[in-house]
Amino acid sequence: MSLRGFATLNIWADDVAAATAWYADFLGVEAYFMRPGPDGRPAYTEFRIGDYQAELGIIDRRFAPPGAATGPGGVIMHWYVDDLDATVERLLAMGATEYQPITPHGDEGFITAAVVDPFGNVLGVMKNPHYLDVLASLKAT
């Protein structure tokens, strides 16, 4: 068995409606799916984004597993972006806070950064030449 690509990346929010609006503004697309909770408020919304139409889901924190962390930490999922500096600047202007500054890794074009969104989730962004190589090879077939 092997990991073949992520199916859905889920993040948590106390206010799913506010988080959905924030991400819609940042991503430039509306959520394509919404499921209300028992009280009628949005409990889950989902976006399809990027070259592979990856799923980004926002789940009401009320449904988090017992003992789930409520603050940032753990794994950082990095999304490829074309303009890292502009993306980080925009995220910070939208109310995100710096988690990891823009950090080059070696001299081959790998650069990462991460912010904490206004809902407490870590959002990683990066420049990654391998991403573009894989994308180009898939388009060539």
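My aim in this report is to walk through the structure given alongside it, one point at a time. All of these numbers come straight from a predicted model, not from anything done at the bench.

Once that is clear, we can look at the overall build of the protein chain. A tally of helices and strands in the protein chain yields three helices and eight strands. From first element to last, N terminus to C terminus, the protein chain shows the α and β order β-α-β-β-β-β-α-β-β-β-α. Over its C-alpha trace the protein chain gives a radius of gyration of 16 Å, about what one expects of a compact globule, namely 14 Å for 141 residues. Referenced to the eigenvectors of the C-alpha coordinate spread, the extents of the protein chain come out at roughly 50 × 35 × 30 Å. Considering the protein chain as a whole, with its 141 residues, one finds that 35% of them fall into the buried category. Taking as baseline every contact in the protein chain between residues at least 6 positions apart, the subset at least 24 positions apart corresponds to 52%. Of the roughly 8,600 Å² that the protein chain leaves accessible, carbon and sulfur atoms contribute 57%.

With that settled, the discussion passes to the packing of helix α1 (residues 16-27) against helix α2 (residues 84-93). The contact between α1 and α2 brings their axes to 11 Å, and the two run at 150°. In terms of their interaxial angle, α1 and α2 are classed as roughly antiparallel. Considering only the axes of α1 and α2, their crossing is right-handed. Where α1 approaches α2, its residues Trp22, Asp25 and Phe26 are matched on the opposing element by Thr87, Arg90 and Leu91. For the contact of α1 with α2, a count of residues per class yields three nonpolar, one polar and two charged.

Another point: the pattern of salt bridges. Inspection of every chain in the model, using the stated rule, returns six salt bridges. We note a salt bridge from Asp39 to Arg41, for which the minimum N-O separation is 2.7 Å. Overall, the relative accessible area of 41% leaves Arg41 in the partly exposed class. The closest approach of N and O atoms between Asp60 and Arg62, which form a salt bridge, is 3.0 Å. Overall, Arg62 belongs to the partly exposed group, its relative accessible area being 42%. What you see here is one network of salt bridges that share partners, running through Asp39, Arg41, Asp60 and Arg62.

This next bit is on the sheet that holds strand β7 (residues 110-116). The strands making up a sheet associate through backbone hydrogen bonding, with each pair oriented either parallel or antiparallel. The strand order across the open sheet formed by four strands is β5-β8-β7-β6, and the pairing between neighbours is mixed. Among the strands making up the open sheet, the edge pair consists of β5 (78-80) and β6 (97-105). Taken pair by pair, the neighbouring strands of this sheet meet at an average axis angle of 20°, ignoring direction. Sheet analysis places β6 next to β7, joined by six bridges and oriented antiparallel. By the bridge assignment, Thr97 is partnered in β7 with Val116. The sheet strands contacting α2 are β6, β7 and β8 (122-127), and the helix crosses β8 at an angle near 160°.

What follows is about empty space enclosed by the protein. Tallied over the full model, the rule gives one cavity of 30 Å³ or more. Taken as a whole, the largest cavity spans an internal volume of roughly 40 Å³. Lining the largest cavity, in full, are Val88, Glu98, Gln100, Pro101, Ile102, Ala113, Ala114, Val115 and Val125. Looking at the lining of the largest cavity, the elements that each hand over two or more residues are β6 and β7. Of all the elements, β6 adds the most residues to the lining of the largest cavity, at four residues.

What counts and how
Residues numbered from 1 in each chain as written. Predicted model: local features only at pLDDT ≥ 70, side-chain atom pairs only at ≥ 80, totals over all residues. Heavy atoms only, no water. Helix = DSSP H or I, 4+ residues; strand = E, 2+ residues; numbered from the N terminus. Rg over C-alpha atoms; globule rule 2.2 N^0.38 Å. Buried < 20%, exposed > 50% of the residue type's maximum accessible area, 1.4 Å probe, protein only. Contact = heavy atoms within 4.5 Å. Areas by Shrake-Rupley, 256 points an atom, 1.4 Å probe, with all protein chains shown as cover. Axes fitted to C-alpha atoms, helices over the stretch in contact; angles between N-to-C directions. Parallel < 35°, antiparallel > 145°, perpendicular 65-115°, else oblique. Left-handed = near helix turned anticlockwise from the far one by under 90°. Nonpolar A, V, L, I, M, F, W, Y, C, P; charged D, E, K, R; others polar. Salt bridge = Lys/Arg side-chain N within 4 Å of Asp/Glu carboxyl O. Pairing = 2+ DSSP bridges. 1 Å grid on protein atoms, 1.4 Å probe; cavity = no way out; pocket = protein on both sides within 12 Å on 5 of 7 lines; lining within 4 Å. Points joined across faces, edges and corners; volume = space filled by probe spheres on them.

Nothing here speaks to function; it is all geometry.
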